Amino acid sequence: MHLRPDELVDLAEGARAESSAPHLAVCEVCRGTLADLRATMGDIAPSDVPDPSPLFWNELSARVRESVAVEAIPRPFWRDLFAWPRVLVPMSALAAAAVVIVAMSVGSRTTRPALPIAATEHLLDAQQIAEDPSLGLVADLTAEMDWDTAREAGLAPRGSAEHAVTHLSAGELRELGRILHEELANSGG
Amino acid sequence: MTAADASLGVLDERALVEACLAGRDGAFDLIVERHRRPVYQLCYRFVGNHEDASDLSQDVFLRAFRGLRSFRGQSSLATWLYRIGVNVCLNRVTAKTPLGRATETIDDDKAFVDDRIESASDRVLRAERASRVREAIARLPRKQRATLVLRMYHEMSHQEIAEVLGSSVGAVKANFFHALGNLKRILGEAQ
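Scope of this entry: the structure provided in the associated data block. Please read these numbers as outputs of a predicted model, since none were measured by experiment.

1. Quick look at the overall build of chain B
- For chain B, the helix and strand inventory stands at nine helices and zero strands.
- Starting at the N terminus, the α and β elements of chain B follow one another as α-α-α-α-α-α-α-α-α.
- In chain B, which comprises 191 residues, the proportion classed as buried is 37%.
- When contacts within chain B are restricted to residue pairs at least 6 apart in sequence, long-range pairs at least 24 apart make up 62% of them.

Written out as structure tokens, the structure is:
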């Protein structure tokens, strides 16, 4: 069994005498590895880092002092919040998701034709109204309202017959009147 | 040195750190003053030029200031700063300038060579070999590189390196062994 790396390192550095490792005497592989370690360590010549200017040390201290002083100034909490990548990234993802949802919602509203009253009545059930306070308020305010009051208040929804009639131009109204007269005459009324 | 600085000077490391945390003026300055040279030298070993080593040293101390509360005194302040320094340097070297790509010429062996007996051609050859070794070290895996730099250039014990790198002495020796093996291989490929 060959010598372990830590044993070879100790031998190469002289922390351990070769005599304490009798395996070396009989193992050419370990002797070769040990020789390589020593040769490579010899290639890494000891060296000093060039000393910088004597003025540098005080300059470094001053720079550190300045950066520490900036660090110590309390900042508004939201700056840290938004500078914090772990918060910023999920928030960006949430914002992107919100934009997509809004875009899809707006897109569906613009492409889907408005439903007649009979259809919209089925879209809002009692549970939805109970869950949404704003819908509940509207429901309370309009509970006693009859069709005439609603029409006078301009509450006829876009796409309904009331809305269409109340938004016709003078020419369109004349044409509508003519058609109705024809239909009444044809029906014998 | 002011009277306040003088009184700080007698404090041991732990007390000095506590003085910093208490916001005592000059306490952190004193820590910087005591450790700036070895921190700078460590950074220089990794990046090989003064400008980057200077920036990295500043970064090391700034991070130390931020994390001062986490210093428990289980290792020496020097070891703790080395740990921060190694992390800062490894991240920086990986992200930016590899050791071997240093732009500044390093006359590494100036202090150890007697110019009177070494010829100009010998100096050139030695400088070239030193440059090849630096480039080879820069290509080592991160932990191996850190271990080699701390062991060979900072002459830290395996125990101290283990504390800096947060590993065991056995792991440090194994890293050192593999670093030397890889260094030999890389140097062989370059020839």
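2. Here's the deal with the interface of chain A and chain B
- Each side of the interface is counted separately: chain A has 26 residues, and chain B has 34 residues.
- Elements represented by at least two residues in the side of chain A that touches chain B include exactly helix 1 (5-13), helix 3 (28-43) and helix 4 (54-72) of chain A.
- Across the side of chain A that touches chain B, the residue classes break down as 15 nonpolar, four polar and seven charged.

3. Quick notes on the packing of helix 4 of chain A against helix 4 (residues 50-66) of chain B
- Between helix 4 of chain A and helix 4 of chain B, whose axes approach to 9 Å, the crossing angle comes to 40°. By the criterion of interaxial angle, the relationship of helix 4 of chain A to helix 4 of chain B is oblique. In this structure, the crossing between helix 4 of chain A and helix 4 of chain B has a hand that is right-handed. On helix 4 of chain B, the residues touching Leu-60, Arg-63, Val-64, Ser-67, Val-68 and Glu-71 of chain A of helix 4 of chain A are Ser-54, Ser-57, Gln-58, Phe-61, Leu-62, Phe-65 and Arg-66 of chain B.
- Considering only residue class, the contact of helix 4 of chain A with helix 4 of chain B consists of six nonpolar, four polar and three charged.

4. A word on the nonpolar core
Residue and element names in this part refer to chain B.
- Counting 59 residues, the largest nonpolar core has Cys-43, Val-60 and Cys-89 as the members making the most contacts within it.
- A per-element tally of this core places helix 3 (residues 27-47) first, with 11 residues.
- Sequence-distant contacts of Cys-43, defined by excluding residues within four places in its chain, comprise Ala-53, Leu-56, Ser-57, Val-60, Gly-85 and Cys-89.

Analysis parameters
Here the residue numbers are simple positions, counted from 1 along each chain's written sequence. To read the labels, note that chains go from A and ligands from 1, taken in the order they are written. Reporting in this predicted model follows two pLDDT cut-offs: at least 70 for local features of residues, and 80 or more for side-chain atom pairs to be given and counted; totals over whole chains, interfaces and linings ignore these cut-offs and use all residues. Secondary structure is summarised from DSSP: a helix means a run of H or I of at least four residues, a strand means a run of E of at least two, and numbering begins at the N terminus for each. Labels follow a simple rule on C-beta atoms placed from the backbone: if 20 or more others lie within 10 Å of a residue's own, it is buried; if 12 or fewer, it is exposed; otherwise it is partly exposed. We call two residues in contact if the C-beta atoms placed from their backbones are at most 7 Å apart. Under the scheme applied here, ten amino acids are nonpolar (Ala, Val, Leu, Ile, Met, Phe, Trp, Tyr, Cys and Pro), four are charged (Asp, Glu, Lys and Arg), and all others, including Gly, are polar. Interaxial angle, 0 to 180 degrees, is taken between N-to-C directions of lines fitted to C-alpha atoms, where a helix line uses only the stretch in contact. Any angle that falls under 35 degrees is termed roughly parallel, while one over 145 is termed roughly antiparallel, one within 65 to 115 roughly perpendicular, and all others oblique. Note: crossing handedness is left-handed where the near helix turns anticlockwise from the far helix by less than a right angle, and right-handed where it turns clockwise. Think of a nonpolar core as buried Ala, Val, Leu, Ile, Met, Phe, Trp, Tyr and Cys residues, each tied to the set through C-beta atoms within 7 Å.

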